[in-house]
Amino acid sequence: QVQLVESGGGLVQAGGSLSLSCAASGRTLSRYAMGWFRQAPGKEREFVAAASWSGANTYYADSVKGRFTVSRDNAKNTVYLQMNSLKPEDTAVYYCAARPYGSTRYWIIAEYDYWGQGTQVTVSS
């Protein structure tokens, strides 16, 4: 079992930045590739970013490419999402998730075995 806890969400003005963290416990995070997803009110949960188990490979949704950066520190069992140039359309609950080593379909929700409870990000215009 892996327990994931997100933090760092909040209210920010458009153009601002936020840094989300996802702390894991239960098992070492280095066994898992990690992803960030978000869900806005009335919308389906969508892929945002992912990092391979080592962090050497990262992937982004087109909507956040160039603005968001995913990284991880396996020694600290933590994954990060740095969000810059935030837009009102980035407003959502952000979730981190873990998928087994070897899974390659990083954009597929069903590939992820463990999820955090989410953290709210609100971007005002």
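A brief report on the enclosed structure follows. Since the model is a prediction, treat every value here as computed from it, not as a measurement.

What follows concerns the sheet that holds strand E7 (residues 68–73). Strand order across the open sheet formed by four strands is E1-E3-E8-E7, with antiparallel pairing between neighbours. Single-partner strands in this sheet number two, and they are strand E1 (3–7) and E7. Shown here is a sheet whose adjacent strand axes are inclined to one another by a mean of 15°, direction ignored. Here E1 pairs with strand E3 (residues 18–25) via five bridges, running antiparallel. Note that in E3 the partner of Glu6 across the bridge is Cys22.

Moving on, we get to unusual backbone geometry. Of note in this structure, Asn77 is not a glycine but carries a positive phi near 55°. Tracing the backbone through its elements, the reader meets Asn77 in the loop between E7 and strand E8 (78–83). A relative accessible area of 16% places Asn77 in the buried class. A positive phi is found at Ser85, a non-glycine position, where the angle reads about 50°. Mapped onto the secondary structure, Ser85 falls in the loop between E8 and strand E9 (92–100).

On to the pattern of salt bridges. The tally for this structure, following the rule as stated, stands at five salt bridges. In this structure, the salt-bridge partner of Arg38 is Glu46, at a minimum N-O distance of 2.6 Å. On the accessibility criterion, Arg38 (6% relative accessible area) is buried. When the shortest N-O distance is used, the salt bridge between Asp90 and Arg67 registers 2.8 Å. Remark: Arg67 occurs in the loop between strand E6 (58–60) and E7 and Asp90 occurs in the loop between E8 and E9; sequence separation between them is 23 residues. Under the relative-accessibility criterion, Asp90 is labelled buried at 1%.

What counts, and where the lines are drawn
- Residues numbered from 1 in each chain as written.
- Predicted model: local features only at pLDDT ≥ 70, side-chain atom pairs only at ≥ 80, totals over all residues.
- Heavy atoms only, no water.
- Pairing = 2+ DSSP bridges.
- Helix = DSSP H or I, 4+ residues; strand = E, 2+ residues; numbered from the N terminus.
- Axes fitted to C-alpha atoms, helices over the stretch in contact; angles between N-to-C directions.
- Buried < 20%, exposed > 50% of the residue type's maximum accessible area, 1.4 Å probe, protein only.
- Salt bridge = Lys/Arg side-chain N within 4 Å of Asp/Glu carboxyl O.

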